[in-house]
Amino acid sequence: MKAPYYAVIFTSKRKQYIDDYDKTAERMKELTNQQPGFIGIDSARNDDGLGITVCYWDSIEAIKNWKANNEHRYAQEMGKKEWYESYSVRIASVEEEYSMEEL
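All residue numbers refer to positions counted from 1 along the written sequence of the respective chain. Note on the predicted model: pLDDT of at least 70 is required for a residue's local features to be given, and 80 or more for side-chain atom pairs to be given and counted; whole-chain, interface and lining totals, by contrast, use all residues. Side-chain numbers here rest on the full set of heavy atoms in the structure, without hydrogens or water.

Caption draft 1: Representation of helix α1 (residues 21–34) within the structure. Taking 1.5 Å per residue, 14 residues should reach 20 Å; α1 reaches 20 Å between its end C-alpha atoms and fits that length. Buried residues of α1: Tyr21, Thr24, Met28, Leu31 and Thr32, and no others. In an axial view of α1, the angular spread of the buried residues amounts to 100°, which keeps them on one side of the axis. The exposed set on the far side of α1, more than 90 degrees from its buried face, consists of Asp22, Lys23, Asn33 and Gln34. Next to the buried residues of α1 lie β1 (5–14), β2 (38–45), β3 (50–57), α2 (60–68), α3 (70–83) and β4 (84–94). Starting at the N terminus, helices and strands are each numbered in turn, a helix being any DSSP run of H or I of at least four residues and a strand any DSSP run of E of at least two. Multiply 1.5 Å by the residue count of a helix minus one, and that product is the helix's expected span. A 1.4 Å probe rolled over the protein chains alone gives each residue an accessible area, and that area as a share of the maximum for its type sets the label: buried under 20%, exposed over 50%, partly exposed in between. The reported arc concerns the directions from the helix axis to the C-beta atoms and nothing else. For this analysis, residues touch if any pair of their heavy atoms sits within 4.5 Å.

And the structure:
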């Protein structure tokens, strides 16, 4: 990725027993890959249900368009009502990037 770009950092604590979460999460990954301005994604979750997903975008407009996507809006509502004990969303501007090697 070439900076500058934007990162949407989604941190969540998932409930222990949830239906359709994995299926919907896979669908969201498919959809993000189809969105204009989408650059990439990194995601991890521990055994206690704490997870962090970082989606990378080329503009704030692309982020707003993704937030307004109908299927994504459904997933957001399910997250609030059924899937998460808590969550936070942070949007950051990435001004510089460097690494030792590709992950």
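Caption draft 2: Geometry of the sheet that holds β3. Strands sit in the order β2-β3-β1-β4 across an open sheet of 4 strands; the sheet is antiparallel. For this open sheet the edge positions go to β2 and β4, each flanked by a neighbour on one side alone. Within the sheet, the average angular offset between the axes of one strand and its neighbour, ignoring direction, is 15°. Lines fitted to C-alpha atoms define the axes, with helix axes restricted to the stretch in contact, and inter-axis angles between N-to-C directions lie between 0 and 180 degrees. The strands touched by α3 are β1 and β4; relative to β4, the strand with the most contacts, the crossing angle is about 145°. Strands are labelled as partners when DSSP assigns at least two bridges between them.

Scope: geometric values only; no functional claims are made or implied.
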